[in-house]
Amino acid sequence: MNGEVIFCPKWHRAFWFLLFAVPCFLHAGEAEITCRSCQPGSKWRGKELLLKFHTSESATGFRGQVFGNSERRFGAASAETPRLSCAVGSAECARARVEYPETSLKRNTRDLRAKGELGQSEFTQMKVSNVSTSGQKKNGRVEGVRRRARRNSHGDKLGSPRSAQNQDRGEATGTVAGRRVTRSELRWSGEERRAAGPRQEELKLNSSTFALTGDSSHNQAMVHWSGQNSSVILMLTKLFDFNLNSVTESSLWRSTDYGATYQKLNDKVGAKTILSYLYVSPNNKRKIMLLTDPEVESSLLISSDEGATYQKYRLNFYILSLLFHPEQEDWILAYSHDQKLYSSVEFGRRWQLVHERVAPNRFYWSKMGLDKEPGLIHLETSITEGQALYVTCKLQNCTDANKGKPFPGYIDPNSLVVQDEYVFVQVSAGGRPIYYVSAKRDVFTPMKLPKYTLPKDLHVISTDENRVVAAVREWNQNETYNLYVSDTSGVYYTLALENVVSSMGPEGNVMVDLYEVAGIKGMFLANKRTDNQVKTYITYNRGRDWRLLQAPSKDLRGNSIHCVLPYCSLHLHLHVSANPYTSGNIASRDSAPGIIVASGSIGAELTTSNVSVFITSDAGNTWRQIFDEEYAVLYLDQGGALVAIRHTPLPIRHLWLSFDEGRQWNKYSFTNTPLFVDGVLGEPGEETLIMTIFGHVSHRSEWQLVKIDFRSIFNRRCIEADYQTWHLHNQGEPCLMGVKRIYRKLKPTSRCVMGKTYSVTMTSAPCDCTEADFECDYGFERRTDGKCTPAFWFHPSSMSRSCTTGMTFLNSTGYRKVVSNNCTAGVSAEYTARRQQCPIQAPKGLHLVTSEGSLTAVLGTNVTFLVFLEEGDGARTSITLDFGDGHALTYSNVSSIEDGIKHIYKAVGIYRVTATGENSLGSETAMLYLHVTCQLEYIHLSAPFVAVRNKEVNLTAVLWPSQVGTVTYIWWIGNNTEQPVITLEGSVAYTFSREGINTVTVQVSAGNTILQDRKTIAVHEYFRSHLLAFSSNLDEHNPDIAEWRLDVSRVIKNSLIQATGVREDQLLVTVLPGLPTAAEFFLLPDKQITEGKPEKSSAHLDQLSELLLSALNQNLVQFTLRPGVQVTVYAAHLSADPRPQRLCADAERKRTRNESSESNGGHAQLSAGLGAFFGDSGHRV
């Protein structure tokens, strides 16, 4: 079972805008827009891009939606549903027209989102992905695989009903669903042409349009708006060829007047330079970095004056992702395509290699106040396929001597998460993942989930407010997650909400439907699956209590909505884009507390049909319907006004504005010519009164940039009389999170500019504590009556683990105060855990494990043993650890061994390791068996070359080194190739019952190593054998390898045949391993002559033996090894057998040279040869 620790930083409250984020507020420094209306007929599917669009050709050439990403899927509303399409408070609704089934466009709304603008903490979708949840995280990580928002394309289907007010003069009208739309139907109507001229009754916005001339073929754009009172906007347009999967053209544009005009900078960066990405320092928006396309050249261009001038620097590696330092503006980490991590302290001008084999997205900057120095890097480095290490490195000096290893042992790959004051790792043991946490860089402790949670996987979602929120998929869940919240240590977890809906993101990341409302501490929305229905729940106290949303009482037209809880309620789509450069469908912001805009539906469950847009002005207590189809909503002037743009595949020229929190909406034109909108970019910062709409007049036109200045619609600055107080409450209950909060908000009737000097004012007063301010403590579960009682597996009488390291402990009452709850007095004393003296009791629950969670260790390396005591007075309990090899250590108390006990074993074997905890009241013992092994280098199968039929022979596997620990031998002998023999001994005895050639194969398994050797044995009824010696010059040319011995054996055999005339099938020769060089020949009888009779066979073999020995004794057997090297073959003299000495020399040579693939098994073979020579029957080997 594989699990993975993954996280989403700080609830991912990133800066968002209507469609694309302003990148300068994200550390990535760019927003990206992709033209989907360009290049008709092309199939757009970029492997490198996050978003994937189905862009089959349509007759119109303009099929596609404007906003959102392709990760969410919305169903279109039914065309048969009679709905009057209008905006709440608009003139169309005020006229109360009669409903009628209208001709509708059926459109693909899967990518639609309603969302606020850039430069705010608007919404938080829990995206879980390999450490990085976006193109740029809070700490500055920029993904090399860009998450790109896209331009309108002709790939989406026509077909959902459009609001009547949107079918106004000046915008294209719909067609009957299912019918192809001709190009002429998308042209302006006569009324639209007339509308292009001045019209007194039409409200118009102050806008200007600029065309990026010469870039009509470019299909992507990356935009950076500096903000911070700067008027500079940078725009990088590109032609991305999806067939080549690379950028083939690019243009760099710069505006210094808030987007009214742009200057092309291609000459300043190099006319032939192709740019691929744009980055901005998160700490100094004036510092810009551009990357060239690595397919052409690997370079970067750096600007320190907001993109006015650039210097080019060559790179010798390909950047996949960047991580900017959260405080030092020039410090950057770069991750390359070959898993190398580089660092720069000069904003990319020079780079230095930090570490190799670094896991992708598993590197982090140090955090001031927690880490010892600012230049420290936390990273995960790969060791083997299934093992990794958590190490810390110094920025400019990451040597082995300077590396730190905060976790004592290996961790699972891709499991390191460093977030705020917490560090998480995962270690798999016994098929189950064990999750460890370190708080404030302290020692690692296993995370304590309820006992039978048994997680399949775990994702760290948040570490805000000094506690951890984790999404856990338990053993019986497939599509949902349970939310757990921890105490401040991050160790003990309790259930917050079950069966939260999840989905798989485009990169395989998990998306959890959990949303943190900006501006209201402790307020969250979540989608929960209950009885196969998805319902939206809200909490005001960080998950302690949840309830359904009350649906609006009236619809857009003022008709009553009959929706009674709990059978009917309002449900919201909480999916926020996994891509920070595209919009989601829910928005809130810190500067507008209580205002939430989201798309959703009313009924028994959340649906993707009949989706409308809803708003709340009182933090979710009451909701109003504001649109009956998908709109994206942008917060202007810190929430003082709202702007809405309709999601549509058609060209538009209008948007909607509300100055009273969505109660009334007025339509404004922003251009004379309808525009296919590709994206909207809001001015960074809190004021947000200028925005740019990117689009095209047609799919063949250049980019059209429409700058809109909303300042002209406000005629004055807000004064104190324009504000009112608003009391936060939950269905009338004013005490939330232990305080009463009163906010200062703009009156809905006031139409004025709050400006940059406005700040949210909130006064609070503490409340008396009640039971509602406390959640159940670890080991306790909430009953239906609201009381917390012990779970069946939990023993409340057990000691707190703090007793193992101190003299006192907190005796839980079953409750703990919700994190960040500020209530006082009341029932606080009754529900708060009480600190008590640790009673003296016998130790109980002693655990002994290795730091790596394994039961094996390598000879000569440090083994770290961890000892845990669940219950008992740790200060008075001594711990004795017996390593099983004659060594033991005793410690006076448990606290002295928190970092583990290290030991080195000097011999292989299986050791019984025993830990004993003892005090005056008793003792407790824990035990494990540790297998200490060393690496098996090679093996040699020792077997006779010739064996006698029906006579037992010994087969021996010789190992080097001879002692490697627990070894398993697997044998395949003769023709029995399907059923191997498995033994724990290195020798087996076997009897061959048939004559012929037999193959013996042995595999030796030691630890993770499996080695194999194979031998061929000739089995005969009768034979003779004799040992051979050679002139000394042969030893000088003997490399002692199997291939050489085989070749020389063949040469010797041919020499013997040539000197004696013995037939080839009657003679076998083998050269033995080692030095001096020795060999053995075997004579086989001629069955036609001997007729298989023993007497004839013996006489025949004696005759052949005498013939060969005579030739050998007369020095008639010789061969040429190489020119000038003539070797003579002799019959070995038994009285002066040199082979025992030869074998010792051979063994010594093996140890020093380690050149041969075989070990010295020659002694057993030599004894066999001597027996054959002296045996009177010739039957013995």
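Residues numbered from 1 in each chain as written. Predicted model: local features only at pLDDT ≥ 70, side-chain atom pairs only at ≥ 80, totals over all residues. Heavy atoms only, no water.

### A few points about the sheet that holds strand β71 (residues 987–991)
Strand order in this open sheet of three strands is β66-β68-β71, and the pairing throughout is antiparallel. This sheet does not close on itself; its edge strands, each paired only once, are β66 (938–942) and β71. Across this sheet, the average inter-strand angle for adjacent strands is 20 degrees, counted without regard to direction. (Pairing = 2+ DSSP bridges. Helix = DSSP H or I, 4+ residues; strand = E, 2+ residues; numbered from the N terminus. Axes fitted to C-alpha atoms, helices over the stretch in contact; angles between N-to-C directions.)

### Some thoughts on the state of the cysteines
Considering all chains together, one arrives at six disulfides under this definition. What pairs with C563 in a disulfide is C568, and their sulfur atoms sit 1.9 Å apart. Across the S-S bond of C563 and C568 the torsion is about -100 degrees, and the bridge reads as left-handed. In terms of burial, C563 and C568 fall into one category: buried. (Disulfide = S-S within 2.5 Å. Buried < 20%, exposed > 50% of the residue type's maximum accessible area, 1.4 Å probe, protein only.)

### Description of the sheet that holds strand β46 (residues 690–696)
Read across the open sheet, the four strands follow the order β8-β47-β46-β45; overall the sheet is antiparallel. Strand pairing shows two members of the sheet lacking a second neighbour, β8 (206–212) and β45 (676–682), which therefore form its edges. Along the sheet, successive strands turn relative to each other by an average axial angle of 20 degrees, direction set aside. Judged from the seven bridges that link them, β8 and strand β47 (residues 703–709) form a sheet pairing that is antiparallel. Among the inter-strand pairings, S208 is bridged to a residue of β47, identified as K707.

### Some points on the confidence of the model for the chain
Here the chain shows a mean pLDDT of 76. Residues at 70 or above account for 76%. When the elements of the chain are averaged for pLDDT, strand β3 (residues 105–107) gives the smallest value, 25, and strand β36 (residues 569–572) the largest, 96. Counting contacts from residues 33–200, a segment whose pLDDT is below 50, to residues more than four positions away or on other chains yields 638 contacts. Across residues 578–582 the pLDDT falls below 50, and counting only partners more than four positions away or on other chains, this stretch makes 43 contacts in the model. (pLDDT = per-residue confidence, 0-100. Contact = heavy atoms within 4.5 Å.)

### Points about the environment of E202
With respect to the helices, strands and loops of the structure, E202 is situated in the loop between α2 (190–195) and β7 (203–204). The spacing of E202 and K667 is 465 residues in sequence and 8.2 Å in space, taken between C-alpha atoms. Within polar-contact distance, the side chain of E202 engages the side chain of R653 at 3.2 Å. Within the structure, E202 has its side chain in polar contact with the side chain of H654 (distance 2.9 Å). (Polar contact = N/O pair within 3.5 Å; in protein donor to acceptor, adjacent residues only side chain to side chain.)

### Structural notes on the pattern of salt bridges
The tally for this structure, following the rule as stated, stands at 32 salt bridges. Note that E306 is salt-bridged to R286, the shortest N-O span being 3.3 Å. In this pair, E306 sits in the loop between β15 (299–303) and β16 (311–314) while R286 sits in the loop between β13 (275–280) and β14 (288–292), placing the two residues 20 residues apart along the sequence. In this structure E306 comes out as buried when scored by relative accessible area, which is 10%. Overlapping salt bridges bring together R544, D545, E771 and R782 as one network. (Salt bridge = Lys/Arg side-chain N within 4 Å of Asp/Glu carboxyl O.)

### Comments concerning unusual backbone geometry
Generally, phi is negative for residues other than glycine and the peptide bonds are trans, each holding for most cases. Between W960 and the following residue, P961, the backbone shows a cis peptide bond with an omega angle of -5 degrees. Tracing the sequence through the fold places P961 in the loop between β68 (952–960) and β69 (968–973). Across the junction of L1075 and P1076, the peptide omega takes the value -10 degrees, indicating a cis bond. By the secondary structure assignment, P1076 is in the loop between β75 (1067–1071) and β76 (1078–1083). At N361, a position not held by glycine, the phi torsion is positive, near 65 degrees.

### Here's the deal with helix α5 (residues 1042–1060)
Three or four residues apart is the spacing at which side chains of an α-helix point the same way, because the helix has 3.6 residues per turn. Given a rise of 1.5 Å per residue, 19 residues ought to cover 27 Å, and the 27 Å separating the end C-alpha atoms of α5 matches this to within 8%. Considering only its buried residues, α5 is in contact with β74 (1024–1030), β75, β76, α7 (1094–1113) and β77 (1118–1122). Just downstream of α5 lies G1061, where phi reads positive at about 80 degrees. (Expected span 1.5 Å × (residues − 1).)

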